[in-house]
Amino acid sequence: MSEGPLSRVTILDLTDERGIYGAKLLADLGANVIRPEPLTGDPLRARGPFIQSTDQEKQSIWHAYFCSSRRSITLDLDSAEGSEQLELLLTKADIVLTCPGAFGVERSKEILKNKNQEELIFIDTCSFRPDCEWADYIAPDIVAGALGGQIATTGDADTAPLKNFGELNFMVSGAYTAISALSALYNRREAGSGQRVEVSVHECIASCLEHVFMFYWYGEAMEHPDGKVLPRRGSLHWSNAYDVMNAETGSIMVTPTPDFDKQLTWMIEEDIHDDLIDPKYLEPENLRLRVEKTMDQLRDWVATKNAEDLFFEAQERHMPYGLVLPIEQVAENPQLVARDWFVPYQIGEHKTLSTGAPYHFSDTPWKLGEYKSMNEDQVDILNEIGWDS
Amino acid sequence: MARPLEGLKILDFTHVLAGPFATRMLGDMGADVVKINSLDRAVGANDPIHPYYIMWNRNKRALALDMSHESARKTCGELCQKADVVIDNFSVGVLDRWGVGYDTISQVNKKVIYIQMSGMGDGGPWSKFVTYAPTIHALCGLTHTTSVKNRQDIGIGFSYNDHQAGLHGAIAILAGLESRRHSGKGQRIDISQFEVGVNFVAPSLIDHFSNRTITEPSANDLPYDEVAPHGVYPCLSNGEGIKGENWIAIACMTNEQWHSLKSLLGNPGWAEVDSFSTMSLRYKNRRELDSNIQNWTKDREAYQLMDTLQQAGVPAGVVQSGDNLANKDPQIRDREFLFAFDELHGEVGQTFGDKLPIKFEKTPCESYVRSRSLGEDNQSVLRDWLNLSPEDIDKNKSEGWLN
C-alpha cells in the first residue's frame, strides 16, 4: 500500500486537549509524529472512558483515539540529558505543535530562543491570544464553548444552555491546528522558511457558529422576529425549516427543504396539506408563514409514524430527513458497514474497532497507525535523532 | 507580505456551507478561489445576495455560467485544466453530468487535486441519500448525545458538522498538495460528511465496541470523566424571558480549583460535608452540588463573577451570545475579529465578516475582499485563467451562457 500524503513530514506533538485532534489528523495522514511524555506518563492517559479489565493498569480509550499513529518517547526534562534529547527532537522536526502549559512546551521555547532554526514551523494553539485581557483565563472545553459562543446556541427554552457532547469545541481548534500547520508547510515549500503561527481556540469556536453573526449583522434586515440574537430553541434551525420531531416510535429530523413543492406533493398524497395549496403561500411576504404552517402540519403527522420507516421513505423521495440514532446504532450503520469503514484497532492487549477515514485519497490512503504504549519507541527515536548516551 | 497559499488556483463548485467554508479559508490564506455559480442553482441561501451566501464566500472571485449551454461546460472544462484544486459538494454525479467529472479532468490535468464532499461519500447503500448538517447530526449520534436525559429533540443548535466538513476538506486539500509536491501527481479525494461527523463520537463508539457501553445524553457533564462541578449556571438577568437570561459555565477540573471555589463561596457548611469531599463524591452528588452553586450565582452579574472566579484560578466563562461577542469581548474587540468590509457590495451595501482565527507571523492573512455579486469577476477570471480578451468575453456574453 502507498504511504500517506504526509509521509515526508516530521512533527513533534506537544499539544493538550486543545490541539491534540490536529496532531491526530496529521499523524493518520502518514506524518511521522512523535509525542514526548513525562516520566510519569502523558496526563491524557488518565482520560476516560477506559477498557474494562481486571488489570491494574487502566487503558484509556480517549487517549488511544486521540493519540493514534504517534510514536512515544519519555523525556526527563529535569535532567540535562532530557533537555538535550528535546533539543535534538526539535532539530529534526519540520513542525512543532504546542499548547501553552503542555509537557515540553516552555522548555522548547527556551531552547528555540537561542537557535536559528529558520525552517521550523511552530504552531501555538492557545485558549486566548497572549496579548489579550483574558490571556490567563483557564478554559476547559465547556468554558471555551461558553465564551466562544457555542453554548448560547444549544439547549431548549426549558433547559439550561448546553455544551456540545464531548469536547467538540476542541475538535474545532484541533482541525484549525492541522490547517495552520499544513498551510505554513505549503508556504515553506514555496518560500523556504518556516514561521510561528498562533491559533486562538476562542476565535476558532467563534468562526464556526453558522448563523450567529449572520443574525447579529443582518437579523434586522432579514426582518427576523428575534432580531440580532436567536435564543436557544432545541433543534429548530434558524431558518425554521429543520426540526427534530418525535414520532410514534423514535425521533427524526424533518425538513421540507430544499424542494418545498416535493414536500407539498407528499403532503397532498397523505392528505395533511390543509390549506397549503392556497396560492397566497407563494407570495414572498408569506414565505415564513408557509414554512411555519408546513412544519406544524408535519409535526402532527410525524407523531403518528415510525421514525425509521419515515426516514427511508423520505430518502427514497430524495428528501434530507435524518433518523436520530443512538451510538449503538451508529456502530451498526449499514452505510458504514458496507464501506468497511470501522477499522481494527489494538489498545494494549485489547482488540477493538476504531472510527475510519474522514477522507479517502485515491493514491495515498489515510491509515490508522498503531497505538503505542508509553516510551515504546524510545530506542528507535533516540537512534534516529543521533542521541549518543 | 504574501499570504501562505498565494499562487494556488482553486476552482470552486461548492454550495450552502460545508464546501464554501473550506474554500473561504483557503481564500483567506491567499489562494485564488474562483467560485462557479451555475445560474439555475443561484437561489435561496445560494443566491449571492443572501446573507448566508455572503457569510461564506468572501475572498473568492465569482464566475457565473449557464451550465445548460455546451459552451459554458466547455469553458468549465478549460478552467479545470488550469486548476490546482477542483472542489465540489454536490450530490455524487452532478459534475460528471457537466462533463467535468474526475475521470475526464484527470486525463487532461494530471496534477489536479479533485475533492468531492458529498453527504455519504461515493459508494455504499446510502450514497444517494440527501443530507444537510442537521441530517448528519441525527444520523451520527450527535443529536442523541447533545441533549438532556429523556429528550431526543434538542441536539446541536447550529450546523457544526458543516463547519467541520469544511475544515476537514481544507486539511485534505493541503495534504493532497503536499503529496503532489513529491509525487508530481494529483489524486481524487472522496469525503463523506457523514463519516466526518461519526468521528466526533469516536470515544463513545470505541467504548461500545470494547465494553458494550450504551452512551446516554450527558447535558453539561463530561461524558467520560467524573468532574464536578462542571456545568452552566444562571446569573442575574437583565430583562424578561429567555432573552434576558445570563449564564456562566464553571468547571472545577481539579481539587485545587474546587478549594478555590469553596473559598469564594465563603466555605459554607453545605460545601464542607463528606458528600462533597472528593471529586468522585462531588460527581456522584453533582445535582445537589449544582443546586447550591446556582443559588450563589443567580444574583450575581455574569462578567464580574467570571472575572472573580478566574482571578481565583477557577475556570469560568460567560455564556456569550453573538451580541456579547461583538460588544463585550476584549479579544474580539482588540483583534478586530469582527469587521466591516472596506468595499460596499453593489447590491447589498455594507457587508461584514469574521477573521481567520490563525495568525501567521511571516505571512499574515489580513486581506479580506467582500463576497461578490453573480458573475462580478467574469472578466478578470477569464482573462487571468484562460487569457481571453475583452472581445472574446463580450462575444461569450452575447451568446447568453456567460452572465
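Look up a bit, the structure's there.
All residue numbers refer to positions counted from 1 along the written sequence of the respective chain. Note on labels: chains are lettered from A, ligands numbered from 1, in written order. Note on the predicted model: pLDDT of at least 70 is required for a residue's local features to be given, and 80 or more for side-chain atom pairs to be given and counted; whole-chain, interface and lining totals, by contrast, use all residues.

A. Looking closely at the overall build of chain B. Starting at the N terminus, helices and strands are each numbered in turn, a helix being any DSSP run of H or I of at least four residues and a strand any DSSP run of E of at least two. Along chain B, the regular secondary structure elements total 18 helices and 12 strands. Viewed in the frame of its principal axes, chain B has a C-alpha envelope of about 85 × 50 × 40 Å. Partly exposed residues are those whose C-beta has more than 12 but fewer than 20 other C-beta atoms within 10 Å; 20 or more makes a residue buried and 12 or fewer makes it exposed, with C-beta atoms placed from the backbone. When burial is assessed residue by residue, chain B has 55% of its 403 residues classed as buried. For the purpose of contact definition, each residue receives a C-beta atom placed from its backbone, and two residues are in contact when these atoms lie within 7 Å. For chain B, the share of sequence-separated contacts (at least 6 apart) that also reach a separation of at least 24 residues comes to 69%.

B. Examining the sheet that holds strand β1 (residues 10-14) of chain A more closely. Across the sheet, 7 strands lie side by side as β3(A)-β2(A)-β1(A)-β4(A)-β5(A)-β6(A)-β12(B); this open sheet has mixed pairing. Single-partner strands in this sheet number two, and they are β3 (70-74) of chain A together with β12 (358-360) of chain B. Within the sheet, the average angular offset between the axes of one strand and its neighbour, ignoring direction, is 20°. Bridge count for strand β4 (residues 95-98) of chain A against strand β5 (residues 121-126) of chain A is 4 bridges, and the pairing is parallel. Residue pairing for β5(A): A:T98 is matched across the bridge by A:D124. Contacts from helix α7 (residues 168-191) of chain A reach β4, β5 and β6 (196-200) of chain A together with β12 of chain B, with the element oriented near 160° to β5(A). At least two bridges found by DSSP between two strands is the condition for calling them paired. Orientation is described by lines fitted to C-alpha atoms, with helices fitted over the stretch in contact, and by angles between N-to-C directions that extend from 0 to 180 degrees.

C. Geometry of the interface of chain A and chain B. At the interface, 129 residues of chain A touch 124 residues of chain B. Ranked by residues supplied to the side of chain A that touches chain B, first place goes to α7(A) with 15 residues. Lys, Arg, Asp and Glu make up the charged group, whereas Ala, Val, Leu, Ile, Met, Phe, Trp, Tyr, Cys and Pro make up the nonpolar group; the residues left over, Gly among them, are polar. Tallied by class, the residues present in the side of chain A that touches chain B amount to 77 nonpolar, 36 polar and 16 charged. With 2 bridges joining them, strand β12 (residues 360-361) of chain A and strand β6 (residues 187-192) of chain B adopt antiparallel strand pairing.

D. Fine view of the sheet that holds strand β5 (residues 113-118) of chain B. Pairing in this open sheet of 7 strands is mixed, and the strands run β12(A)-β6(B)-β5(B)-β4(B)-β1(B)-β2(B)-β3(B) from one edge to the other. Both edges of this open sheet fall to β12 of chain A together with β3 (61-65) of chain B, since each of them pairs with a single strand only. Of the pairings in the sheet, the one linking strand β1 (residues 9-13) of chain B to strand β4 (residues 85-88) of chain B comprises 4 bridges and is parallel in character. From the neighbouring strand, B:I10 faces β4(B), where its bridge partner is B:V85. Those strands touched by helix α1 (residues 18-28) of chain B are β1, β2 (32-38), β4 and β5 of chain B, and its axis lies near 150° from that of β4(B).

E. Molecular detail of the environment of A:Q297. For A:Q297, the position within the fold is in helix α11 (residues 287-302). Overall, the presence of 20 C-beta atoms within 10 Å leaves A:Q297 in the buried class.

F. Local environment of the nonpolar core. Within the largest apolar cluster, 239 residues are counted, with the highest numbers of intra-cluster contacts made by A:L26, A:I252, B:I171, B:I248 and B:A249. It is α7(A) that provides the largest number of residues to this core, a total of 13 residues. Beyond its immediate sequence surroundings of up to four residues, B:A249 is in contact with A:I142, A:V143, A:A146, A:I151, B:V232, B:A316, B:G317 and B:V319. Each nonpolar core consists of buried Ala, Val, Leu, Ile, Met, Phe, Trp, Tyr and Cys residues. Their C-beta atoms, within 7 Å, join them into a set.

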